[in-house]
Amino acid sequence: MLLAQTAFETRMLLRNGEQLLLTVVIPTVLLVLFSAVDIVTVEGPGKRVDFLAPGLLALAVMSTAFTGQAIATGFERRYGVLKRLGASPLPRWTLLTAKTGCVLVTEILQVALLSVIALALGWSPHGNPMAVAALLVLGTAAFSGLGLLMAGTLKAEATLAAANLVFILLLLAGGVIVPLGKFPDAVRGVLELLPISALSDGLRSVLQHGAGVPWSDLGILAGWSVLGLAAAARFFRWE
């Protein structure tokens with residue numbers, strides 16, 4: 001049942017043009033555009049793509065695990081899909097696990113696509129693949145918890161507006177494209193605690209600078225994962 005539901009959720013996502021725009025097209029366009037055009041000043045040695053690729057991998061995780069999942073789940077809740085599935089032989093934990101599986105499958109496709117494009121643009125990644133995997137997994141958990149919390153507590157229309165607004169704000173202020181060093185010190189201290197900042201900074205530390213395990217970034221993501229998933233489990237409403 002779990003595999004069948006995961007496959008069904010993945011097919012539904014891949015058939016949704018708006019979701020594909022959010023999860024695949026936007027990160028890809030941003031990667032190509034900002035790598036080719038000198039719009040923002042990046043930090044660190046190497047080419048522009050060496051700075052941009054890790055941040056846009058983080059953006060891809062956020063777009064799928066948070067924004068896309070929040071919007072899709074919010075409207076499923078509004079139209080009674082979750083209520084009917086919850087009353088079916090499919091256990092509720094299986095449904096939520098299948099949604100997580102769908103997110104992971106989509107992210108694998110996103111990471112593969114963005115990595116191929118970045119390599120074609122001259123990207124030279126470094127570092128420990130296991131550290132990258134740990135960052136991506138914890139980032140997925142953190143954003144999934146926050147997305148399910150939003151979808152399970154707000155109305156569908158409010159979830160749609162809020163999820164897109166958060167996506168834009170974190171794109172601009174989460175270290176994805178604009179370095180956090182460009183912000184004032186007082187603001188930077190707060191921004192560094194955001195999950196998107198921890199994920200993009202951790203990926204950049206490993207892939208651009210070849211650093212070891214970014215324990216501080218992993219700790220921030222772990223904290224958001226625990227808080228987000230616990231809150232979603234506590235406050236999620238199925239109808």
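Residues numbered from 1 in each chain as written. Predicted model: local features only at pLDDT ≥ 70, side-chain atom pairs only at ≥ 80, totals over all residues. Heavy atoms only, no water.

Under an unreviewed UniProt entry, the name given to the protein chain is Transport permease protein, and the source organism is Streptomyces sp. Y1. UniProt lists a comment for the protein chain under the heading Sequence similarities (unreviewed entry), and it reads "Belongs to the ABC-2 integral membrane protein family." (UniProt positions renumbered as here; feature names shortened; annotations may be inferred.)

Moving on, we get to the environment of Leu207. Relative to the assigned elements, Leu207 resides in helix H9 (residues 195-207). The residues contacting Leu207, other than those within four sequence positions of it, are Pro54, Leu57, Trp123, Ser124, Pro125, His126 and Val132. (Helix = DSSP H or I, 4+ residues; strand = E, 2+ residues; numbered from the N terminus. Contact = heavy atoms within 4.5 Å.)

Two elements in contact, helix H3 (residues 48-78) and H9, have axes separated by 8 Å at closest approach and are oriented at 140°. Where H3 crosses over H9, the two elements pack in a sense that is right-handed. Of the residues in H9, those touching H3 at Phe51, Pro54, Gly55, Leu57, Ala58, Leu59, Val61 and Met62 are Ile196, Leu199, Ser200, Leu203, Arg204 and Leu207. (Axes fitted to C-alpha atoms, helices over the stretch in contact; angles between N-to-C directions. Left-handed = near helix turned anticlockwise from the far one by under 90°.)

The end-to-end C-alpha distance of helix H10 (residues 215-235), which contains 21 residues, comes to 30 Å, matching closely the 30 Å that a straight helix rising 1.5 Å per residue would cover. The elements touched by buried residues of H10 are helix H6 (129-153) and H9. (Expected span 1.5 Å × (residues − 1).)

Counting residues in hydrophobic clusters, the biggest one holds 45 residues, and the most contacted among them are Leu31, Leu59, Met62, Phe143, Leu199 and Leu203. Residue assignment for this core shows that the elements contributing at least two residues are helix H2 (17-36), H3, helix H5 (92-120), H6, helix H7 (156-173), H9 and H10. By residue number, the principal contributor to this core is H3, which donates 15 residues. What Met62 contacts, discounting residues up to four positions off in sequence, is Thr67, Phe143, Phe167, Leu170 and Ile196. (Core = buried A, V, L, I, M, F, W, Y, C linked by side-chain atoms within 4.5 Å. Buried < 20%, exposed > 50% of the residue type's maximum accessible area, 1.4 Å probe, protein only.)

Another aspect to go through is the packing of H6 against H9. Between H6 and H9, the least distance of the axes is 10 Å, while the angle of their chain directions is 170°. Between H6 and H9, the crossing angle belongs to the class labelled roughly antiparallel. Here Ala131, Val132, Leu135, Leu136, Gly139, Phe143 and Leu146 of H6 lie close against H9, whose contacting residues are Pro195, Ile196, Leu199, Gly202, Leu203, Val206 and Leu207. (Parallel < 35°, antiparallel > 145°, perpendicular 65-115°, else oblique.)

A contiguous nonpolar surface patch, about 470 Å² in accessible area, is contributed by Leu21, Val25, Val29, Leu33, Val37 and Ile39. For Val29, a relative accessible area of 47% puts it in the partly exposed group. (Patch = residues over 30% accessible without salt bridge, like charges linked within 9 Å, V, L, I, M, F, W, Y side chains within 5 Å. Areas by Shrake-Rupley, 256 points an atom, 1.4 Å probe, with all protein chains shown as cover. Salt bridge = Lys/Arg side-chain N within 4 Å of Asp/Glu carboxyl O.)

UniProt's feature table lists "transmembrane region" (unreviewed entry) at residues 20-40, 52-75, 96-123, 129-149, 161-181 and 218-236, given in the numbering used throughout. Between the end C-alpha atoms of residues 129-149 there is a gap of 30 Å, over a span that is 100% helix and 0% strand. In the segment residues 161-181, helix accounts for 62% and strand for 0%; the C-alpha atoms at its two ends are 29 Å apart.

Applying the stated criterion across every chain, the model contains two aromatic pairs. Centroid distance Phe66 to Phe143: 6.5 Å. Interplanar angle 55°. Geometry classified as tilted. A residue pair is termed long-range when its members are at least 10 positions apart, and Phe66 in helix H3 and Phe143 in helix H6 qualify at 77 residues. In this pair, the class of Phe66 matches that of Phe143, namely buried. Looking at Arg204, its charged tip hangs above the ring of Phe51, at a distance of 3.8 Å from the centre. (Phe/Tyr/Trp six-rings, centres within 6.5 Å; stacked < 30°, edge-to-face > 60°. Lys NZ or Arg CZ within 6 Å of the ring centre and 35° of its normal.)

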